[in-house]
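Coordinate analysis (summary)
For reference, the chains in residue letters:
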Amino acid sequence: MQTVFSSVLLDVPAAAVIWLALLVVVAVAVGALVARPDWLRSTVAGRIRQAAMPSHLELGEEERERTRYADEVAVAAERAGATAARRRAEWLAAQEEVEAAWAAYEAAEADVRRLSAAAAMPLPQTAQTPSEYADRERFLHRTALDAYWRKEISVEQLSDVFAHRNGWDPRRHPVEQELLLRQAARNNLAERHRVAVERERAAWRAAELAVASARSLRDEAYVARNRQPEEEVESVLPLPGSGRSAAEPTRDAPTVARGRAAVAAY
């Protein structure tokens, strides 16, 4: 028993030294944490961030996917730009059609006013003979046919003229016949102008939507081309003290012009 107790006493100084060394290490660590509290947090966050970062193979695959997506968006933006240019050309053509229809309507309205003033005056009296009626009928048919070839009256109206239906009387005076024809032409041209205006509005709306779509795809293609791989990693685990908020917008949204403004060319 005395021998065992003697051997234990011999090991007590060595054990005491080991415990003292451990206490010193713990004290130094606690002192370091108290003096620099951000050191452990930044070190742990850096280790976690490094562990969360993808490997080189994953980065390469992500880069290929990003490049493929950027190429697809660029192609879509190019096609949308071509569509926007085509829609703008259609809108400009519709504008020219509206202007031409309005000019034709104004000319027909001027003819109606001129003939109305002439019809209000006493018309010359001619002998009501079969030859006179035949001349008036030929004049009506010829004038109506000319108006039809100028696309001022429809084929149905031309048929009514030749069939002497719906108020078309070849026995009327030529001034009255021409006035009726110009009134019919004016009404048709007014309807044509209304339809042209509706078509122009629809073309403008389609052109505006095409331009907005092309602009959006162009911005998306630019962002896809210039996006850095580190952006996605930092958004998953930001470093302490970076000051970047998760709700911070990455870019401004493009504004779309409203109203009947000129459509941008692409």
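Residues numbered from 1 in each chain as written. Predicted model: local features only at pLDDT ≥ 70, side-chain atom pairs only at ≥ 80, totals over all residues. Heavy atoms only, no water.

Details of the overall build of the chain
Within the chain one finds seven helices and zero strands. Going from N to C terminus, the chain has its helices and strands arranged as α-α-α-α-α-α-α. Each of the 266 residues in the chain was classed as buried or not, and the buried ones make up 21%. For the chain, the share of sequence-separated contacts (at least 6 apart) that also reach a separation of at least 24 residues comes to 82%. Counting only carbon and sulfur atoms, one obtains 60% of the accessible surface of the chain, whose full area is about 18800 Å². (Helix = DSSP H or I, 4+ residues; strand = E, 2+ residues; numbered from the N terminus. Buried < 20%, exposed > 50% of the residue type's maximum accessible area, 1.4 Å probe, protein only. Contact = heavy atoms within 4.5 Å. Areas by Shrake-Rupley, 256 points an atom, 1.4 Å probe, with all protein chains shown as cover.)

Comments concerning a nonpolar patch on the surface
Taken together, the side chains of L145, W149 and F162 make up a nonpolar region of the molecular surface, amounting to roughly 340 Å² of accessible area. Relative to the assigned elements, L145 resides in helix α4 (residues 130-149). (Patch = residues over 30% accessible without salt bridge, like charges linked within 9 Å, V, L, I, M, F, W, Y side chains within 5 Å. Salt bridge = Lys/Arg side-chain N within 4 Å of Asp/Glu carboxyl O.)

Regarding the pattern of salt bridges
On inspection of all chains with the given rule, the structure shows 16 salt bridges. Its salt-bridge partner being E109, residue R186 comes within 3.4 Å of it at the nearest N-O pair. With R186 in helix α6 (residues 174-226) and E109 in helix α3 (residues 56-120), this residue pair connects regions lying 77 residues apart in the sequence. Ionic pairing is found between R182 and D111, a salt bridge with its closest N-O pair at 3.2 Å. Here R182, found in helix α6, pairs with D111, found in helix α3; they are 71 residues apart in sequence, far enough to count as distant.

Looking at the nonpolar core
The biggest cluster of nonpolar side chains holds nine residues, and these are L140, A144, A147, I153, L158, V161, W168, L181 and A184. Breaking this core down by element, the ones donating at least two residues are α4, α5 (155-163) and α6. Examining the composition of this core, we find that three residues originate from one element, α4, more than from any other. Excluding its chain neighbours within four sequence positions, the residues that come into contact with L140 are V161, W168, D169, P170, Q177 and L181. (Core = buried A, V, L, I, M, F, W, Y, C linked by side-chain atoms within 4.5 Å.)

Description of the side chain of E152
Of note, E152 is situated in the loop between α4 and α5. You can call E152 buried: its relative accessible area is 11%. A distance of 2.5 Å separates a polar atom in the side chain of E152 from a polar atom in the side chain of R182. When neighbours within four sequence positions are excluded, E152 is seen to be in contact with A147, R182, A184, A185, N188 and R192. (Polar contact = N/O pair within 3.5 Å; in protein donor to acceptor, adjacent residues only side chain to side chain.)

Considering unusual backbone geometry
With a phi angle near 65°, K151 is a residue other than glycine that sits in the positive phi range. Tracing the chain through its elements places K151 in the loop between α4 and α5.

Some words on α4
Look at α4: 29 Å from first C-alpha to last across 20 residues, which is about the 28 Å you get at 1.5 Å a residue. Regarding α4, the residues found buried are E132, R136, L140, H141, T143, A144 and A147. Its buried side turned inward, α4 meets α5 and α6. Downstream of α4 by a residue or two, K151 has a phi angle that is positive, lying close to 65°. (Expected span 1.5 Å × (residues − 1).)

Some words on the packing of aromatic side chains
Each aromatic ring pair is described using two quantities: the centre-to-centre distance and the angle formed by the ring planes. A full pass over the atoms with the stated rule returns two aromatic pairs. Measuring from ring centre to ring centre gives 5.4 Å for W102 and Y105, while their planes differ by 35°; the resulting arrangement is tilted. Of this pair, W102 and Y105 both sit in helix α3, three residues apart, which is roughly one turn of the helix. Owing to a relative accessible area of 22%, Y105 belongs among the partly exposed residues under this scheme. (Phe/Tyr/Trp six-rings, centres within 6.5 Å; stacked < 30°, edge-to-face > 60°.)

Considering the packing of α4 against α5
Two elements in contact, α4 and α5, have axes whose closest approach is 10 Å; the angle formed by their N-to-C orientations is 175°. Relative to α5, the element α4 is oriented roughly antiparallel. Contact residues: α4 offers L140, H141, A144, L145 and Y148, while α5 offers V155, L158, V161 and F162. Its residues placed into classes, the contact of α4 with α5 shows eight nonpolar, one polar and no charged. (Axes fitted to C-alpha atoms, helices over the stretch in contact; angles between N-to-C directions. Parallel < 35°, antiparallel > 145°, perpendicular 65-115°, else oblique. Nonpolar A, V, L, I, M, F, W, Y, C, P; charged D, E, K, R; others polar.)

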